[in-house]
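Fold and contact review
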Amino acid sequence: MYLQFMKETEEIMRKRWSRILALSMGLPLLLAMLAACGAGTTGSGGSATATPSGPIIVKIGTDYPTTAADASAGKPSENGAHLAVNDANAQKLVPGVTFEFDPKDDVGPSGTHDATVGQRNIADLIGDAEVAGEIGPLNSSVAQAELPEANTASFPMISPANTNDCLTEALPPDCNGSLDKLPVYRPTGKVTYFRIATRDQFQGAALADFAFKTKGWKTAYIIDDTETYGVGIATSVQTEWAKLGGTLYGRSSEAATTTSYVSLLTQIAAKKPDVIFFGGNDSTGGTLIRQQMLQVPALKNEPMVAGDGTQTSSFATTIGAYKSDGSNGGPVYTSVASVHLTGDAANKFISEYSTAYGASSIGAYSAGSYDCAMVLIQAVKTALASGVKAPANSGDTAQAPVFRQAVINAIQNIHYTGVTGPIAFDANGDTTSRIISIYTIANPPTGDGWSFIEQLNV
C-alpha cells in the first residue's frame, strides 16, 4: 500500500515539474513574439516597418538651377538652404533627428532652368520617403511643372522666389476664368505649396511706382521673355503703369533664345521712352538687352528697370555700375520680392554665409532660402511633437504621406521670425508680407554687386 502511494505521488510531482519547465521555456518565446508584433507599429497611420536604430533621418530637398547660365541665381539659393540644414544639425534644433541635405539641379540642355528637369527632380524627391519636403524652385515656370505631382502626393514645397500670381490664385487679367490653372496646380483642392516671396502683382506695381513716382519717368516700353515669370511681372508693371497715368509706347514678347535685340531696340529708340522695363531673367534676355542697348546710340544712357530675375551677381558684374559720364550706359534698377536684410539676425546670417561660401556669392534669395528651410525644419519638429512618426527609411511609402501631411499642417499655421523677418502664410500658401526692395548696381562693387535704394510696402 505504501509503495503504491509513493509511486502515485512521484508521478504527480513529475507532471507538475514538466508543466513548470514548459512554462519557463515558453515564456521567453512568448515575450519575443509579443515584442516582434509591436516593433513595427507606428503612430498616426504608420506602416509596419521596423523602427530604425539610432537617430531619425529626415532629408531636406532643394530644386534650383545651380549650373550653367543660371548658376549665379540658383547656387546662392541652394547655399542658403544648405546652411540652414547645417545649422539645424549643429544646434540640435530637433532632438533625436539628423537632417540630411538632398539638392537637385533643374538646368536643362539649353543651359538654363528647365521645367521637364524640374518634374523629374520632384518625382525623385517624392520617391524618397525620408524627404520631408522641397525648398524651391527658383523659377515660376518650373513651379508650374512641379506643383501638380507634389500636390497629388501631399508633398510640401516652400519657395523663396516664385512670384507668379497664378500659382496660388485665380486673379485677373492673367489667371481667372478660362486662364485659371489652380485645378491643374492643386488637383486635390488642398494647399501643399507655400512661398515667402511677394507676388508679382505687388512686385510689378512697386517697380512701376518707383519709376513713375520716385524717378519721375512718364513714358515707357516693356519687353518680356515669354516665360511665366517674365510675362507675369511685365503685365503687372503694365497694369500699374496705366493706373498711374503713365504712357506706354509698346510691349514686345521676345523668346528667351533670342540672340540679337538690336533691331527691336532701334525701333524702341525711335519712340524715345523715358525707361525700358524688362520682364524676365538675366539668362533669358536681361543681360543681352542691357548690353545691346549700348549699340543703339539713342539708348546709350537709357534707364532699364527689371524684376528680381536680373538681380544676380552675374548681371551686376557683367554690366557694371552706372557712371555719370555715360561711358557705361544708363542706370539699372531691380527689385527683390522680400525685405532688405538689416538687423542683428541678418548680419549674423551674412557673416556666416560669407564665411562658408564667400561674400560675393550671396544672392537675392540666399536668406529667403535659409528661412524656407528653417520653416520646414520647424514644421518637422512640430509634426514629431504631435506624435506623428517620421518614415523609418527611404522605402517607407506608407508613412511618408502621413508625415508629410502633418508637416504641411504645421507650415500652414506657422508664425516664425527668420533672417528675413516674420513669416506667416495665408489660406492660399502666400506670404502675408507685401514688401519689395529696390536696388541698383553698386559703385564701387561690394558683396553681390548690388546697392540698396529703398523698400516699398505695397
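As shown above, the structure is provided for reference.
The present account deals with the structure reproduced in this document. Small disclaimer: the values here were computed from a predicted structure and weren't measured. (Residues numbered from 1 in each chain as written. Predicted model: local features only at pLDDT ≥ 70, side-chain atom pairs only at ≥ 80, totals over all residues. Heavy atoms only, no water.)

Moving on, we come to the overall build of the protein chain. Tallying secondary structure elements over the protein chain gives 13 helices and 14 strands in all. Across the 458 residues in the protein chain, those meeting the buried criterion constitute 53%. Put simply, of all contacts in the protein chain between residues at least 6 apart along the chain, 76% involve residues at least 24 apart. When the accessible surface of the protein chain is summed, it comes to about 19,300 Å², and 57% of that surface belongs to carbon and sulfur atoms. (Helix = DSSP H or I, 4+ residues; strand = E, 2+ residues; numbered from the N terminus. Buried < 20%, exposed > 50% of the residue type's maximum accessible area, 1.4 Å probe, protein only. Contact = heavy atoms within 4.5 Å. Areas by Shrake-Rupley, 256 points an atom, 1.4 Å probe, with all protein chains shown as cover.)

Right, let's talk about the packing of aromatic side chains for a bit. Considering all chains together, one arrives at 10 aromatic pairs under this definition. With a centroid separation of 5.0 Å and an interplanar angle of 50°, the aromatic rings of Y353 and Y357 are classed as tilted. Placement of the pair is Y353 and Y357 together in helix 11 (residues 344-357), with a separation of 4 residues, close to one helical turn. The partly exposed category is assigned to Y357, whose relative accessible area is 25%. Ring centres of Y439 and F452 lie 5.6 Å apart, and the angle between their planes is 65°; on these two criteria the pair is classed as edge-to-face. In this pair, Y439 is assigned in strand 13 (residues 435-441) and F452 in strand 14 (residues 450-457), connecting sequence segments 13 residues apart. (Phe/Tyr/Trp six-rings, centres within 6.5 Å; stacked < 30°, edge-to-face > 60°.)

The sheet built from 7 strands is open, its strands ordered 7-6-8-9-10-13-14 with mixed pairing. Sheet topology places strand 7 (247-253) and strand 14 at the edges, where each strand pairs with a single neighbour. Recorded for the sheet is a direction-independent mean angle of 20° between the axes of neighbouring strands. Where strand 6 (residues 219-224) and strand 8 (residues 275-279) come together, 5 bridges link them in parallel fashion. Its bridge partner lying in strand 8, A220 is registered against V275. (Pairing = 2+ DSSP bridges. Axes fitted to C-alpha atoms, helices over the stretch in contact; angles between N-to-C directions.)

In this model, helix 13 (residues 400-412) (13 residues) spans 18 Å end to end at C-alpha, consistent with the 18 Å of a helix rising 1.5 Å per residue. Among the residues of helix 13, those classed as buried are A400, F403, R404, A406, V407, I408, A410 and I411. The inward-facing, buried residues of helix 13 contact helix 3 (115-127), strand 3 (131-135), strand 4 (157-159), strand 5 (193-195) and helix 12 (366-385). (Expected span 1.5 Å × (residues − 1).)

Next up on the list: the side chain of S72. You can see S72 is positioned in helix 2 (residues 71-90). We classify S72 as buried; its relative accessible area is 19%. Beyond its immediate chain neighbours, meaning those up to four positions away, S72 contacts D282, T312, S313 and S314.

Here the largest pocket is characterised by a volume of approximately 410 Å³. Taken together, 23 residues form the lining of the largest pocket, with H340, L341, I362, Y439 and D448 sitting closest to its centre. Within the residue set of the lining of the largest pocket, elements represented by two or more residues are helix 11, helix 12 and strand 14. Among the elements that make up the lining of the largest pocket, the one with the highest residue count is strand 14 (3 residues). Grouping the amino acids of the lining of the largest pocket by side-chain chemistry returns 12 nonpolar, 10 polar and 1 charged. (1 Å grid on protein atoms, 1.4 Å probe; cavity = no way out; pocket = protein on both sides within 12 Å on 5 of 7 lines; lining within 4 Å. Points joined across faces, edges and corners; volume = space filled by probe spheres on them. Nonpolar A, V, L, I, M, F, W, Y, C, P; charged D, E, K, R; others polar.)

Ranked by internal contacts, the top residues of the largest apolar core, which has 99 residues, are F99 and L265. It is helix 12 that contributes the most residues to this core, 11 residues altogether. Residues contacting L265, with those up to four places away along its chain left out, are I223, I276, I289, Q292, M293, V296 and L299. Counting residues in hydrophobic clusters, the runner-up holds 12 residues, among them I122, I126, V131 and A143. (Core = buried A, V, L, I, M, F, W, Y, C linked by side-chain atoms within 4.5 Å.)

Once that is clear, we can look at the sheet that holds strand 2 (residues 97-105). Strands pair in a sheet through their backbones, by hydrogen bonds, and they do so in one of two ways: parallel or antiparallel. Pairing is parallel in the open sheet, where 5 strands are placed in the order 2-1-3-4-5. With partners counted over all chains shown, the strands left at the sheet margins are strand 2 and strand 5, one partner each. Going from strand to strand, the sheet's axes swing by 25° on average, the running direction of each strand aside. Inspection of the sheet shows strand 1 (residues 56-64) paired to strand 2 by 9 bridges, in the parallel sense. Its bridge partner being in strand 2, T62 is matched across the sheet by P103. In the packing of helix 12 onto the sheet, the strands contacted are strand 1, strand 2, strand 3 and strand 4, and the crossing angle to strand 3 comes to about 155°.

Right, let's talk about unusual backbone geometry for a bit. Note on backbone geometry: most residues besides glycine have negative phi, and most peptide bonds are trans. Of note, the amide linkage connecting G136 to P137 takes the cis form, showing an omega dihedral of 0°. As for its placement among the helices and strands, P137 is situated in the loop between strand 3 and helix 4 (140-152). P173 follows P172 through a cis peptide bond whose omega is 0°. Within the secondary structure, P173 sits in the loop between strand 4 and helix 5 (182-185).

For the structure shown, the criterion picks out 3 cavities of 30 Å³ or more. Taken as a whole, the largest cavity spans an internal volume of roughly 240 Å³. Lining the largest cavity are 25 residues, with A73, L138, N281, D308 and G309 sitting closest to its centre. The biggest single contributor to the lining of the largest cavity is helix 2, with 4 residues. Its residues assigned to classes, the lining of the largest cavity shows 8 nonpolar, 14 polar and 3 charged. If you add up the space inside the second largest cavity, you get close to 70 Å³. Of the residues that constitute the lining of the second largest cavity, the class distribution is 5 nonpolar, 3 polar and 1 charged.

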